[in-house]
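As a plain string of letters, each chain reads:
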Amino acid sequence: MSKKPKRPVSERLKPFVAPFRVDGGSEFHLKLYKTGERGGLDKEEGEKIIEANRRRLSELQEKLYAQNRWSLLVIFQGMDASGKDSAIKSIFDGVNPQGCDVTSFKQPTAHELDHDFMWRAVIALPERGRIGIFNRSYYEECLVTRVHHDLLQKEKIPSKLISPNIWNERFADISAFERYLSRNGTVVLKFFLNVSKKEQRERFLGRLEQPSKNWKFSMSDVTERAFWPRYMAAYQDVIRHTSMPFAPWHVVPADHKWFARVAIGSAIVSALEELNLRFPRVDEASKEEFAKVRKALENEGKARVKKPARAVKKTKRGA
C-alpha cells in the first residue's frame, strides 16, 4: 500500500498564518483579533512546531543566501513587553548570523532627525540573499509620533507641510515604498504583536520582581500605558491603511509568547517556501573544470600514499 503524500509545508502551516494575516482585502477592526488565541494547540504541541519551523527556516535561509536573488524584510511592531525581543531570539535561533541582520530602532538621534522619517530604515535594508529584521521601524513615525504630536516638531518638517492629512500621506508613502521593495525582490512581512493591557501589566511586574530583568524596566513604559486607547487606535489605522498583498500585516496574538512564535515562524517559513528557493546550478563548463580539479586532488592523494621504498644497503657480517 502506497504511502499518502505529505502536504506542502505552507499548507500544513496555514491554520497558524491565515487567521492572522491582513492584506487589505477586507475592512480591518483590531477588536476582532483576540490577544489570547492559541490556535487549538497546547504549549507542548506549539513547541514542536516552533522547533520544526526553526529547522526549516535554517535550510531556507541557506538557499536564500546561496541563490542571492531575493531578500526578506521582517518588521516587528508592538507595545512595550509584547515580546518582540524574545520572539526574534527564539524564531531565528539556528539561522546563520552571516545571512541575517537585526536593527533596533530607538528614539531618533539628532543626525537621523536631519533626514526624512524613512532614511534610517532605508540604509538598514537587507541586501540580496539576506534577512533583515527590524525591531520597530518607520511605522513608529505613524504611531508614537501620532500619539505624541509634539514629536513632529523635532522632525524639522516645514510647518506648512504639517496638516491633519499628514498621517494619510505617510501611509501612502510607506505603501509606495513597500511596493517598490517588493518589485525589486524584497519580501516584506510585518507583525503586530497584539498583547492585552492586562498581560502587559503582568510582564512589567515580572521585570520588577526578577533582578535579572530589572534592566528592561523603564518608568516611561508605565507612563505610556495611560495612552493605551490612543495607541490601539493608531495601530488600527496603520494596519488598515498599509496592509497590502505585497506587504501584509499579521496581527499576532501575543498573550501566550509560545503561540506568537508559532504564528510568526509559520508565516516566515510559508513566505520563503513560496519563493521556490534553489541552490544555484553549476553550468557544464564549470562541471568539466570541477572534474579536472577533483582528478588532480585524487592523484595528489595517491602520490602521498605510494612513497618510493628506501634502498637498504646489505652488508656482510664481519665486513
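Refer to the structure printed above.
About the cut-offs
Residues numbered from 1 in each chain as written. Predicted model: local features only at pLDDT ≥ 70, side-chain atom pairs only at ≥ 80, totals over all residues. Heavy atoms only, no water. Helix = DSSP H or I, 4+ residues; strand = E, 2+ residues; numbered from the N terminus. Rg over C-alpha atoms; globule rule 2.2 N^0.38 Å. Buried < 20%, exposed > 50% of the residue type's maximum accessible area, 1.4 Å probe, protein only. Contact = heavy atoms within 4.5 Å. Core = buried A, V, L, I, M, F, W, Y, C linked by side-chain atoms within 4.5 Å. Phe/Tyr/Trp six-rings, centres within 6.5 Å; stacked < 30°, edge-to-face > 60°. Lys NZ or Arg CZ within 6 Å of the ring centre and 35° of its normal. Pairing = 2+ DSSP bridges. Expected span 1.5 Å × (residues − 1). Polar contact = N/O pair within 3.5 Å; in protein donor to acceptor, adjacent residues only side chain to side chain. Salt bridge = Lys/Arg side-chain N within 4 Å of Asp/Glu carboxyl O.

## Considerations on the overall build of the chain
For the chain, the count of helices and strands is 13 helices and six strands. Its C-alpha radius of gyration of 27 Å places the chain more than 25% over the 20 Å reference for a compact globule of 319 residues. C-alpha atoms of the chain, sized along the principal axes, occupy 110 × 55 × 50 Å. Burial status across the chain gives 42% buried among its 319 residues. Contacts spanning at least 24 positions in sequence make up 82% of the contacts within the chain whose residues lie at least 6 apart.

## Brief notes about the nonpolar core
If you look at the biggest cluster of nonpolar residues, it comprises 77 residues, and the most contacted ones within it are Phe76, Phe92, Tyr138, Phe191, Ile264 and Ile268. In terms of residue count, helix H12 (residues 257-273) provides more of this core than any other element does, eleven residues in total. Contact partners of Ile268, with chain neighbours within four places excluded, come to Leu57, Leu72, Val74, Ile91, Phe92, Leu189 and Phe191.

## Points about the packing of aromatic side chains
Counted under the stated rule, the structure contains nine aromatic pairs. A ring pair is formed by Phe105 and Phe134, whose centres lie 4.9 Å apart and whose planes are at 80 degrees; its orientation type is edge-to-face. Of the two residues, Phe105 is situated in the loop between strand E3 (100-104) and helix H4 (110-113) and Phe134 in strand E4 (residues 131-135); the sequence distance between them amounts to 29 residues. Of the two residues, Phe105 and Phe134, neither departs from the other in class, the shared state being buried. These aromatic residues form a ring-pair network of at least three members: Tyr138, Tyr139, Phe177 and Trp249. Note that Arg170 overlies the ring of Phe117, its terminal NZ or CZ placed 4.4 Å from the centroid.

## Topic: the environment of Ile133
Turning to its location among the elements, Ile133 is positioned in strand E4. Taking the relative accessible area as the measure of exposure, Ile133 reaches 0% and is therefore buried. Between the C-alpha atoms of Ile133 and Glu169, which are 36 residues apart in sequence, the distance is 25 Å. When residues no more than four places from it in sequence are discounted, the contact partners of Ile133 are Val74, Phe76, Ile88, Phe92, Cys100, Asp101, Val102 and Thr103.

## Comments concerning the pairing of E4
Within E4, five of the five residues are buried, which leaves the element mostly enclosed by the surrounding structure. Sheet topology note: the E3/E4 ladder contains five bridges and is parallel. Bridging across to E4, Cys100 finds its partner in Ile131.

## With respect to helix H8 (residues 166-183)
For H8, built from 18 residues, the straight-helix expectation of 26 Å at 1.5 Å per residue is met to within 8% by its first-to-last C-alpha distance of 26 Å. Turning to H8, its buried residues are Ile166, Trp167, Arg170, Phe171, Ile174, Ser175, Phe177, Glu178 and Leu181. Next to the buried residues of H8 lie strand E2 (71-78), helix H5 (119-122), helix H6 (144-147), helix H7 (151-154), strand E5 (186-194) and helix H11 (228-242). Just past H8, the residue Gly185 takes up positive phi, approximately 95 degrees.

## Re the sheet that holds E2
An order of E1-E6-E5-E2-E4-E3 is seen for the six strands of this open sheet, with the pairing classed as mixed. Looking at strand neighbours, the two that pair on one side only are strand E1 (21-22) and E3, the edges of this open sheet. Inspection of the sheet shows E2 paired to E5 by eight bridges, in the parallel sense. Considered in E5, the bridge of Leu72 is made with Val187.

## Quick look at helix H2 (residues 43-67)
The end-to-end C-alpha distance of H2 is 35 Å, a good match for the 36 Å that 25 residues give at a rise of 1.5 Å each. Residues of H2 that are buried sit in contact with helix H1 (9-13), E2, helix H3 (84-91), E4 and H12. Residue Asp42 occupies the N-cap position of H2, its side-chain oxygen lying 3.2 Å from the main-chain nitrogen of Glu44. With its phi angle positive at about 55 degrees, Asn68 sits one or two positions after the end of H2.

## Quick notes on unusual backbone geometry
We note that Asn68 has phi near 55 degrees; this positive angle belongs to a residue other than glycine. Relative to the helices and strands, Asn68 is located in the loop between H2 and E2. For Asn68, a relative accessible area of 38% translates into the label partly exposed. The phi torsion at Asn276 lies on the positive side, around 55 degrees, for a residue other than glycine. Structurally, Asn276 is set in the loop between H12 and helix H13 (284-305). Of the residues examined, Asn276 reaches a relative accessible area of 45% and is grouped as partly exposed.

## Some points on the pattern of salt bridges
Inspection of every chain in the model, using the stated rule, returns 17 salt bridges. A salt bridge links Arg120 to Glu112; the shortest N-O distance between them is 3.2 Å. In this structure Arg120 comes out as buried when scored by relative accessible area, which is 11%. In this structure, the salt-bridge partner of Glu298 is Arg294, at a minimum N-O distance of 3.1 Å. Of this pair, Glu298 and Arg294 both sit in helix H13, four residues apart, roughly one helical turn.

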